[in-house]
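# Reading the structure
Single-letter residue listing:
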Amino acid sequence: MSAQPVHSGSADGPRVPRTIGGISGALRGSRRAQFFAELLEAPQGPELDGVLNAWWGRAMLDTDPDRDHIRAAAEAGTLPTSTMDEVMRRRQEHGVQ
């Protein structure tokens, strides 16, 4: 068995592996217990996939190296924002549908 660090991301993959072990290893404090509680109740299939997807997103946020900076900027009202029109324009410029 091998271990992967949760804080390193690369072009080869995300900093949190999309596995039960990767997700649980990245979650902070009581969030790990919440993850396992939901995981143990979910039946195999779409519901289990939904639990894993939701908690993987939370784990990615928990391990974001800029997390504290982004939160402070959001609370101070200085976080840069974009309108949906700007996002769509940039996507079209880059050929993304």
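How each quantity is defined
Numbering of residues starts from 1 in every chain and runs along the sequence as written. Per-residue local features of the predicted model are confined to residues with pLDDT of at least 70, and side-chain atom pairs are confined, for both listing and counting, to 80 or more; whole-chain, interface and lining totals are unaffected and use all residues. Computation of side-chain values: all heavy atoms of the structure, hydrogens and water removed. A helix here means a DSSP run of H or I that spans at least four residues, while a strand means a run of E at least two residues long, and both kinds are numbered starting from the N terminus. When a residue's accessible area, from a 1.4 Å probe over protein chains only, is under 20% of the maximum for its type it is buried; when over 50% it is exposed; and in between it is partly exposed. Residue contacts are defined here by distance: any two heavy atoms, one from each residue, within 4.5 Å place the two residues in contact. Here the open area of atoms and residues is found with the Shrake-Rupley method and a 1.4 Å probe, where only the protein chains shown may cover a residue. A fitted line through C-alpha atoms serves as each axis, taken over the contacting stretch for helices, and the angle formed by two N-to-C directions is quoted from 0 to 180°. If an angle is under 35 degrees, it is roughly parallel; if it is over 145, roughly antiparallel; if it lies from 65 to 115, roughly perpendicular; otherwise it is oblique. Stacked, tilted and edge-to-face are the three classes assigned to paired rings of Phe, Tyr and Trp, where Trp is represented by its six-membered ring and a pair needs centres within 6.5 Å; plane angles under 30 degrees give stacked, over 60 edge-to-face, the rest tilted. Each ring is checked for a lysine NZ or an arginine CZ that lies within 6 Å of its centre and within 35 degrees of its normal; such an atom marks a charge sitting over the ring. Charged residues are defined here as Lys and Arg on the positive side and Asp and Glu on the negative side; His and the ends of the chain fall outside this count. Basic side-chain nitrogens of Lys or Arg form a salt bridge, by our definition, when they fall within 4 Å of a carboxyl oxygen of Asp or Glu. Polar contact criterion, stated in full: a pair of N or O atoms within 3.5 Å, where within protein one must be able to donate a hydrogen and the other to accept it, and residues adjacent in sequence count only if both atoms are side-chain atoms.

Along the backbone of the chain there are five helices and zero strands. Counting from the amino terminus, helix and strand elements in the chain follow one another as α-α-α-α-α. Per-residue burial over the chain gives 21% buried out of 97 residues. Of the contacts made within the chain by residues no fewer than 6 positions apart, 44% connect residues no fewer than 24 positions apart. Put simply, the chain shows about 7300 Å² of open surface, and 54% of that area lies on carbon and sulfur atoms.

The topology assignment puts Thr63 in the loop between α3 (46-62) and α4 (67-76). Given the relative accessible area of 2%, Thr63 is considered buried.

Moving on, we come to the packing of helix α2 (residues 30-41) against α3. At a minimum axis separation of 10 Å, α2 and α3 run at an interaxial angle of 170 degrees. Taken together, α2 and α3 sit at an angle that is classed as roughly antiparallel. Side by side, α2 and α3 meet where Arg31, Gln34, Phe35, Glu38 and Leu39 of the first sit next to Leu48, Val51, Leu52, Trp55, Arg58 and Asp62 of the second.

Taken across its 10 residues, α4 has one buried, putting it largely on the surface. Gly77 lies just past α4 and shows a positive phi near 75 degrees.

On to the packing of aromatic side chains, then. In this structure the tally under the stated criterion is two aromatic pairs. Ring geometry for Phe35 versus Phe36: centroids 5.3 Å apart, planes at 50 degrees, classification tilted. Phe36 sits in the partly exposed class, given a relative accessible area of 31%. Feature note: the residues Phe35, Phe36 and Trp55 constitute an aromatic cluster, connected by ring pairs. Sitting above the plane of the Trp56 ring, Arg18 keeps its charged end 3.7 Å from the centroid. Above the ring of Trp55, the side-chain terminus of Arg58 is found at 4.4 Å from the ring centroid.

Note on placement: Arg15 falls in the segment before α1 (20-26). Asp64 is the oppositely charged side chain nearest to the buried, salt-bridge-free Arg15, at an N-O distance of 4.3 Å. In this structure the side chain of Arg15 is engaged in a polar contact, spanning 2.6 Å, whose partner is the backbone oxygen of Met60. At a separation of 2.9 Å, a polar atom in the side chain of Arg15 contacts the side chain of Thr63.

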